[in-house]
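Examining the three-dimensional arrangement
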Amino acid sequence: MQPYEITAVLDRPHSQQLLARDLLRMAYVATDGTPRNIPIAFTWTGSQIIVCTTKNAPKLPSLRRHPDVALTIDTEVHPPKILLLRGRAELDVVDGIPEEYLKMNGTYEMSAEQRVAWEAEVRSLYDGMVRIVITPTWAKLIDFETTLPTAIEELVKRRAERQSA
C-alpha cells in the first residue's frame, strides 16, 4: 500500500474518531511462535501510533524478534466502525515516563484527585519505559456505510452480477 493511500484512509472522519480513542488491540507473534493479541492504550501523533510499556514486558523480546504488528481500533455500537492497521514496531527505551503515556491515559474518566494519585503512583513505580512506535504500512477502514470487509464486498459484487444476468 502506498503512503498516500494510507493517508487517505487515516484522514477519513471515522478513522480520525477511532484514532482519538483510548485503546487498541495489538497482535504480534510471541517468542514461542504463537499469536498474541492484547488491548493496550495508545496515542496517535498524526503519523504514528505510540504505545508504552514496562521495560520488562513479555511482549518486548517478541517484538524485537518479529517487529511486524497488526492493530485494531473499533467501536462497540452497531454498525461498528473498525480501523485495521499494520506496521513495524520500533522500540525506544526511555528514562522516566514518556509524555505519550501520560497523555494516552489522560482520557480515562478520573477526577482531578484520582489523576494526581494515578500519576504519582506511575512516577514512583517506573524508572523508565519502552515507547513502541508504529508507523502504519497498511490501513483499512470498515464503517459498514461506505466500506465493508473485503469478503462482504465480494459477496455484494457477486449478488449484483447474479441480479443483472
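In what follows, the structure referred to is the one given above.
Here's a quick rundown of the structure. All of these numbers come straight from a predicted model, not from anything done at the bench.

Calculation criteria
- Residues numbered from 1 in each chain as written.
- Predicted model: local features only at pLDDT ≥ 70, side-chain atom pairs only at ≥ 80, totals over all residues.
- Heavy atoms only, no water.
- Helix = DSSP H or I, 4+ residues; strand = E, 2+ residues; numbered from the N terminus.
- Buried < 20%, exposed > 50% of the residue type's maximum accessible area, 1.4 Å probe, protein only.
- Polar contact = N/O pair within 3.5 Å; in protein donor to acceptor, adjacent residues only side chain to side chain.
- Pairing = 2+ DSSP bridges.
- Contact = heavy atoms within 4.5 Å.
- Axes fitted to C-alpha atoms, helices over the stretch in contact; angles between N-to-C directions.

1. Considering the side chain of Thr147
Of note, Thr147 is situated in the loop between strand E7 (128–142) and helix H6 (150–164). Relative accessible area serves as the criterion here: at 12%, Thr147 is assigned to the buried category. A distance of 2.7 Å separates the side chain of Thr147 from the backbone oxygen of Leu141, its partner in a polar contact.

2. Structural notes on the sheet that holds strand E5 (residues 68–74)
Spatially, the seven strands line up as an open sheet ordered E2-E1-E5-E6-E7-E4-E3, and their pairing is antiparallel. Here the strands that pair on one side only, and so sit at the sheet edges, are strand E2 (35–41) and strand E3 (43–44). When strand E1 (residues 23–29) meets E2, the two strands line up antiparallel, connected through seven bridges. Looking at E2, one finds that Ala27 is bridged to Asn37. Sheet contacts for helix H1 (residues 3–10): E3, strand E6 (82–95) and E7; angle to E7, the most-contacted strand, approximately 90°.

3. Section: the pairing of strand E4 (residues 49–53)
Burial analysis of E4 places five of its five residues in the buried class, which makes it a mostly covered element. Side chains Ile49, Val51 and Thr53 of E4 all project onto a buried face; the interleaved residues Ile50 and Cys52 project onto the opposite face, where all are buried too. Sheet topology places E3 next to E4; two bridges connect them, and they run antiparallel. Bridge pairing links Trp44 to Ile49 in E4. The hairpin turn running from E3 into E4, its antiparallel successor, is four residues long, and Gly46 in that turn takes a positive phi close to 110°. Alignment of E4 against E7, held across five bridges, turns out to be antiparallel. Counterpart to Thr53 in the pairing with E7 is Val130.

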